[in-house]
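The chain contents come next:
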Amino acid sequence: MKNRWSRRILGTAVAIFVCLLGSTLASGQEQQEKPLLAEQVFKNVQVLRGMSVKEFMDTMGFFAASLNANCTTCHGQDSGGTWDSYASDKIPQKQTARKMIIMMNSINQGNFGGKQALTCYSCHRFGRIPKLVPDLTTQYGDAPDEDPEEILAQAPGQPTPDQVLDKYYKAIGGYDKLASITSITAKGTWQGYEDTEQHALELYAKAPDERTTVVNDRGALTTNTYDGVNGWTAAPITDTPVTLLALGGSDLDNIKVDAELSFPARIKQSLTDLRVGTPYEIDGKDVTILQGYSPAKSPVKLYFDTDSGLLVRMVRYTTSRVGRQPTRFDYSDYRDVKGIKMPFFWLTTWVDGRSKTQLTDVQLSVPIDPAKFGKPADPGATKQ
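Cut-offs applied
Residues numbered from 1 in each chain as written. Predicted model: local features only at pLDDT ≥ 70, side-chain atom pairs only at ≥ 80, totals over all residues. Heavy atoms only, no water. Helix = DSSP H or I, 4+ residues; strand = E, 2+ residues; numbered from the N terminus. Buried < 20%, exposed > 50% of the residue type's maximum accessible area, 1.4 Å probe, protein only. Contact = heavy atoms within 4.5 Å. Phe/Tyr/Trp six-rings, centres within 6.5 Å; stacked < 30°, edge-to-face > 60°. Polar contact = N/O pair within 3.5 Å; in protein donor to acceptor, adjacent residues only side chain to side chain. Expected span 1.5 Å × (residues − 1). Salt bridge = Lys/Arg side-chain N within 4 Å of Asp/Glu carboxyl O. pLDDT = per-residue confidence, 0-100.

**What about the environment of Pro299?**
Among the secondary structure elements, Pro299 is positioned in strand 10 (residues 299–305). Look at Pro299 and you get buried, because its relative accessible area is 1%. Taking the C-alpha atoms as reference points, Pro299 and Ile151, 148 residues apart in sequence, are found 8.5 Å from one another. Once residues lying within four places of it in the same chain are set aside, the contact partners of Pro299 are Glu150, Gln291, Gly292, Tyr293, Val315, Arg316, Tyr317 and Arg324.

**Digging into the packing of aromatic side chains**
Applying the stated rule across the entire model yields 6 aromatic pairs. Their ring planes at 70 degrees and their centres at 5.4 Å tell us that Tyr169 and Tyr175 sit as a pair that is edge-to-face. The exposure class assigned to Tyr175 is partly exposed, which follows from its relative accessible area of 38%. Linked through ring pairs, Tyr168, Tyr169, Tyr175 and Phe304 together constitute an aromatic cluster.

**Some details on the side chain of Thr233**
Relative to the assigned elements, Thr233 resides in strand 5 (residues 231–234). Looking at Thr233, its side chain comes within polar contact range of the side chain of Asn224, at 3.0 Å. In contact with Thr233, not counting residues within four places along its chain, are Thr223, Asn224, Thr243, Leu244, Leu245 and Leu247.

**Structural notes on unusual backbone geometry**
Ala207 connects to Pro208 through a cis peptide bond whose omega is 5 degrees. Relative to the assigned elements, Pro208 resides in the loop between strand 2 (199–206) and strand 3 (210–217). One non-glycine residue, Asp333, lies in the positive phi region at around 55 degrees. Structurally, the position occupied by Asp333 is in strand 12 (residues 323–337). Residue Lys338 is not a glycine yet carries a positive backbone phi of 55 degrees. Within the fold, Lys338 resides in the loop between strand 12 and strand 13 (340–350). The exposure class assigned to Lys338 is exposed, which follows from its relative accessible area of 65%.

**Points about helix 11 (residues 249–260)**
Look at helix 11: 17 Å from first C-alpha to last across 12 residues, which is about the 16 Å you get at 1.5 Å a residue. Most of helix 11 sits inside the fold, with 10 of its 12 residues counted as buried. Turning to helix 11, its buried residues number three or more, namely Ser250, Asp251, Leu252, Asp253, Asn254, Ile255, Val257, Asp258, Ala259 and Glu260.

**Some details on helix 4 (residues 53–67)**
Taking 1.5 Å as the rise per residue, helix 4 with 15 residues should run 21 Å; its terminal C-alpha atoms sit 22 Å apart, in good agreement. The buried fraction of helix 4 amounts to 14 of the 15 residues, a majority that puts the element mostly inside the structure. Count one or two residues on from helix 4 and you reach Asn68, which has phi positive near 50 degrees.

**A word on the pattern of salt bridges**
Per the counting criterion, the structure on display carries 13 salt bridges. A salt bridge links Lys256 to Glu260, with the shortest nitrogen-to-oxygen separation between them at 3.0 Å. One end of the pair is Lys256 and the other is Glu260, both in helix 11 and 4 residues apart, which spans about a single turn. The exposure class assigned to Glu260 is buried, which follows from its relative accessible area of 7%. A salt bridge links Arg335 to Asp333; its shortest N-O distance comes to 2.9 Å. Among the residues examined, Arg335 registers a relative accessible area of 35% and is labelled partly exposed. Judged by relative accessible area, Asp333 falls into the partly exposed class, the value being 30%. Among the ionic contacts, a cluster of salt bridges with common partners joins Lys54, Asp58 and Asp251.

**Some words on the confidence of the model for the chain**
Per-residue pLDDT for the chain averages 85, and the proportion of residues at 70 or more is 86%. Long-range and interchain partners of residues 1–6, a stretch whose pLDDT sits below 50, account for 25 contacts in this model, where long-range means more than four residues apart. The low-confidence segment residues 11–29 (pLDDT under 50) makes 81 contacts with residues lying over four places distant or belonging to another chain.

This is the structure:
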């Protein structure tokens, strides 16, 4: 299942590396496409109705992270067959899961005014202090590097957000150079979780917030696109029976953030309420955490190497009805491209898998056909 889910994160993974900036905001006049709802695609959806297909699958990932489980835990061994097999209620755990969701929602509504003060993760992965958000290092058995809690206020004695960003801009080539870049095209490889092969990757980005990524698996294309208003994912093999999905809710908010943060000089415009947290370490190195909020008020954390000023990590969150889950991007292999330092490698980690992206060629400020940012064609693959 992780291989199946791993492709959906590609468009997100490649976004932040682009160290450029744009000029003209999207007009916003285009109407947002409504995403398909879970009950329109899947059979026997009872409790989790009214959410998009993508959020529905995100929710399945949250369950897996909270219970250290997989699809077969609730859907049985037959869940690897047709998608209709997931609708069966033969497995008692599935009925129990529905009851637990209702119980959790009742506790939050009755005691916390509807705020997500309790999630599946709080009880099933209980420690000395109950947690709401899955810890990726626990899930993947990594060295302890737990993502810190949401930064609620500027930490005393720490640099200001402006000071952190000024150091970052200087480290990667200077704000003026970033502001002069209008587009990027890139080629490289992408490798999914437990995938033994590397697949050809193409990336197209246009300032300030358009982005498309394409992975070619022997002619089968996986495309992720954001045109400044709408976002889509298209793949012949996806985590749903639908081969072309319009994004909505938290997923649309995230792809918008990813596209805008492709242009670092727009950080202040893209994220609100910037603040710096307490000192932190990654692999024994001091880092400075700058946190802001997306348009939908979801936290986004940028981790900068305290010595070099380079961006080494980003963490942002997908909000579902049952809880918030992190997606982490770890950047390395910085190289010079026309006087601007850009990460050519990043590891993406989320509750459903991991992927590796390696760039080999990057071109800046070159013309890009506007059609690259249009709605992808439906691959029309056979449903699984």
